[in-house]
Amino acid sequence: MKVKVDSDMCEGHGKCEMSAPEVFKLGEDDVSVVLVDEVPKALEEKVNRAIRLCPRQAIAWVK
Amino acid sequence: MTAPTDVASINLNDPELFLEDRFHEVFRILRKEAPVHWNPGGESWNGFWSITKYEDVRFISRNPELFISSKGIAGPGIRPEALAAALAADPAAAAQASGGNASIITMDPPRHVKMRRLVNKGFTPRAVNAMEDEIRQITNDILDKIADRGECDFVLEVASQLPLAVICGMMGIDQKDWPLMFDLTNKVLGSGDPEYQTDIPEDQRGTGEASRQTAMSGVFQMMGFFNQALADRRANPRENDLITILLESEIDGEKLTEGDLLAFCFLLIVAGNETTRNAISGGLQVLSENPDQKQRLLNDMSLIESAVEEILRWVSPVQHMARTVTADVEVGGQMLKAGDRLIMWYGSVNRDEDIFEDPYRFDITRSPNEHLAFGIGEHFCLGAGFARKELRVMFEELFRRFPDIQMSGPAERLRSNFINGIKHLPVKYTPER
């Protein structure tokens, strides 16, 4: 499954990078980017954690 | 008066309930027996649902189009009939105070995030970290003023001064105007407290009418002040100044209206000023009441970040936020109807037994601590980074310089169900030198 960060909503808190550094990286412009195309099954739980913790709720699985 | 145990008679719109700690017992009862609880309202104020469970507040916060902010975010709101009567009685004053324009806190998508993005780069973790040295300097200047006294009113002389200085600095407001900003903020956010109803004759204070007039007067004077500030920045734009940034901003190619600008200024000064003050004061109170926790922190200041989060959870300085339902929807097993008003109680969700183990225990090492003191989602507190930084730096410097500081008398609480506030907090400490 793919995951995406809404760049309008992201305000650079970095909780996603803390939860799943393999998948998210906070850029110089204070917006988080997704590092992978498809999220490996093994990282799904970490990504779910990132989705739940994001203060702006800016992350979502792409359906 | 003890807290009511009859669930049907519970009235969270009564500010008296919040004058002591009784409201926590009421929250506990509601979480257990009526987590989505209907209050039928009063003559002049609307009925509303009280939401006291963490997952329900998460659900509501994640759906800003279903639960909108543009019909108001504080309290149950005035009944249309009562509003019409108030406007008829004093149309000029009422129109003045209502403003007519929303700030981002009372805005919905899609316009909301466009407006928020005009200033949000100034509030990122990066921006906050860049101000850390300045925040530490301001903190020490404040502490210098009380250093040799051995006692003071912690709220007036310490806790309120740091957030005031930081937000005023960001908005380019001159130091001579800071006391005015402090007073007007109290009038607006503490309008229900007789201490701030200074325009009302003493024997008429404490009523709903006195509260309304106090808030209106505060808003009116605030708007007047910012009208002048806008004129000044137009004539003399400043660098790194939030007001100048707003003046020069555009949404969809258009500059902000005068109403938008005023509303934004008003939100920034009020939100930046009152809330963190109460987290700092409340933090010192709870640490004074839990000396073992305070000592733990003094012994290991690397625990400060975790302690700050626990202070935020414990104090929950913003007690509630309201929303209005736009379509019939089920929340916590209860059917809510389009048009219904609801109030999310952060002080309750931050003690939700389903989320926090032993929630009535103050524990500076609590982990995980995913409290909702700043909300979550679309309207997540813009100033959260600054609040956290100010809390951290204040307690670092306070305990570095006055490690034995503690309460020397009871806290005088704010009469409000919106802000969990302390107006006065006597403290004592060994003076420096």
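What this report covers is the structure whose coordinates are included nearby. Quick caveat: nothing in here was measured; it's all calculated off a predicted structure.

Description of the overall build of chain B
Within chain B, the secondary structure is distributed over 17 helices and 14 strands. Compactness check: chain B gives a C-alpha radius of gyration of 21 Å against a globular reference of 22 Å for 433 residues, within 12% of the reference. Across its three principal directions, the C-alpha atoms of chain B cover 60 × 60 × 45 Å. Evaluated residue by residue, chain B yields a buried proportion of 46% over its 433 residues. In chain B, the proportion of contacts linking residues at least 24 apart, taken out of those at least 6 apart, comes to 73%.

Structural notes on the overall build of chain A
Helices and strands together make up the secondary structure of chain A, namely two helices and four strands. Ordered by position from the N terminus, the helices and strands of chain A form the series β-α-β-β-α-β. The C-alpha atoms of chain A give a radius of gyration of 10 Å, which matches the 11 Å a tight globule of 63 residues would have. Overall, chain A is about 30 × 20 × 20 Å in size when its C-alpha atoms are taken along their principal axes. Taken across its 63 residues, chain A has 37% of its residues classed as buried. Within chain A, residue pairs in contact and separated by at least 24 positions form 57% of the contacts whose partners lie at least 6 positions apart.

As for the sheet that holds strand E14 (residues 426-428) of chain B
All names here are of chain B. Spatial strand order, E4-E14-E11: three strands in an open sheet with antiparallel pairing. Two strands in the sheet have a free side with no partner beyond their single neighbour: strand E4 (151-153) and strand E11 (406-407). Two elements, E4 and E14, share three bridges in a ladder whose sense is antiparallel. Paired with Glu151 across the bridge in E14 is Lys428.

Description of the sheet that holds strand E3 (residues 67-68) of chain B
Residue and element names in this part refer to chain B. The sheet built from five strands is open, its strands ordered E1-E2-E10-E7-E3 with mixed pairing. Lying at the two open borders of the sheet, with one neighbouring strand each, are strand E1 (36-39) and E3. The pairing of E3 with strand E7 (residues 320-325) spans two bridges and is classified as antiparallel. For Phe67, the partnering residue across the bridge sits in E7 and is Val325. On top of the sheet, helix H2 (residues 54-61) reaches E1, strand E2 (48-51), E3, E7 and strand E10 (341-345); it is set at about 120 degrees to E2, its chief contact.

Description of the environment of Lys423 of chain B
Residue and element names in this part refer to chain B. You can see Lys423 is positioned in strand E13 (residues 422-424). For Lys423, a count of 20 C-beta atoms within 10 Å puts it in the buried group. Linking Lys423 and His320, residues 103 residues apart in sequence, is a C-alpha distance of 19 Å.

Looking at the packing of helix H13 (residues 258-289) of chain B against helix H15 (residues 304-315) of chain B
All names here are of chain B. Between H13 and H15, the least distance of the axes is 9 Å, while the angle of their chain directions is 100 degrees. Classified by the interaxial angle, the pair formed by H13 and H15 is roughly perpendicular. Between H13 and H15, the residues in contact are Asn278, Ala279, Gly282, Gly283 and Val286 and Ile311, Leu312, Trp314 and Val315, respectively. Here the contact of H13 with H15 is built from residues that sort into six nonpolar, three polar and no charged.

Observations concerning H15 of chain B
Residues and elements named next belong to chain B. Here H15 is 12 residues long and its end C-alpha atoms lie 16 Å apart, about the 16 Å a rise of 1.5 Å per residue gives. When H15 is considered as a whole, its buried residues turn out to be Ala307, Val308, Glu309, Glu310, Ile311, Leu312, Arg313, Trp314 and Val315. If you follow the buried residues of H15, they end up packed against H13, helix H14 (291-299) and helix H17 (384-401). The first or second residue beyond H15 is Ser316, which carries a positive phi of 40 degrees.

Looking at unusual backbone geometry
Note the cis peptide between Pro109 of chain B and Pro110 of chain B, where omega equals 5 degrees. Across the junction of Ser367 of chain B and Pro368 of chain B, the peptide omega takes the value 0 degrees, indicating a cis bond. On the secondary structure map, Pro368 of chain B appears in the loop between helix H16 (346-349) and H17. The phi torsion at Asp30 of chain A lies on the positive side, around 65 degrees, for a residue other than glycine. Along the chain, Asp30 of chain A falls in the loop between strand E2 (24-26) and strand E3 (32-34). Positive phi, close to 40 degrees, is recorded for Ser316 of chain B, a residue that is not glycine. For Ser316 of chain B, a count of 24 C-beta atoms within 10 Å gives the class buried.

Points about the environment of Glu38 of chain A
Residue and element names in this part refer to chain A. Residue placement: Glu38 occurs in the loop between E3 and helix H2 (44-53). Residues Glu38 and Val62, spaced 24 residues apart in sequence, show a C-alpha to C-alpha distance of 10 Å. Dropping the residues within four chain positions of it, Glu38 is found in contact with Met1 and Lys2.

Calculation criteria
- Residues numbered from 1 in each chain as written.
- Chains lettered and ligands numbered in written order.
- Predicted model: local features only at pLDDT ≥ 70, side-chain atom pairs only at ≥ 80, totals over all residues.
- Helix = DSSP H or I, 4+ residues; strand = E, 2+ residues; numbered from the N terminus.
- Rg over C-alpha atoms; globule rule 2.2 N^0.38 Å.
- Buried ≥ 20, exposed ≤ 12 C-beta atoms within 10 Å, placed from the backbone.
- Contact = placed C-beta atoms within 7 Å.
- Pairing = 2+ DSSP bridges.
- Axes fitted to C-alpha atoms, helices over the stretch in contact; angles between N-to-C directions.
- Parallel < 35°, antiparallel > 145°, perpendicular 65-115°, else oblique.
- Nonpolar A, V, L, I, M, F, W, Y, C, P; charged D, E, K, R; others polar.
- Expected span 1.5 Å × (residues − 1).

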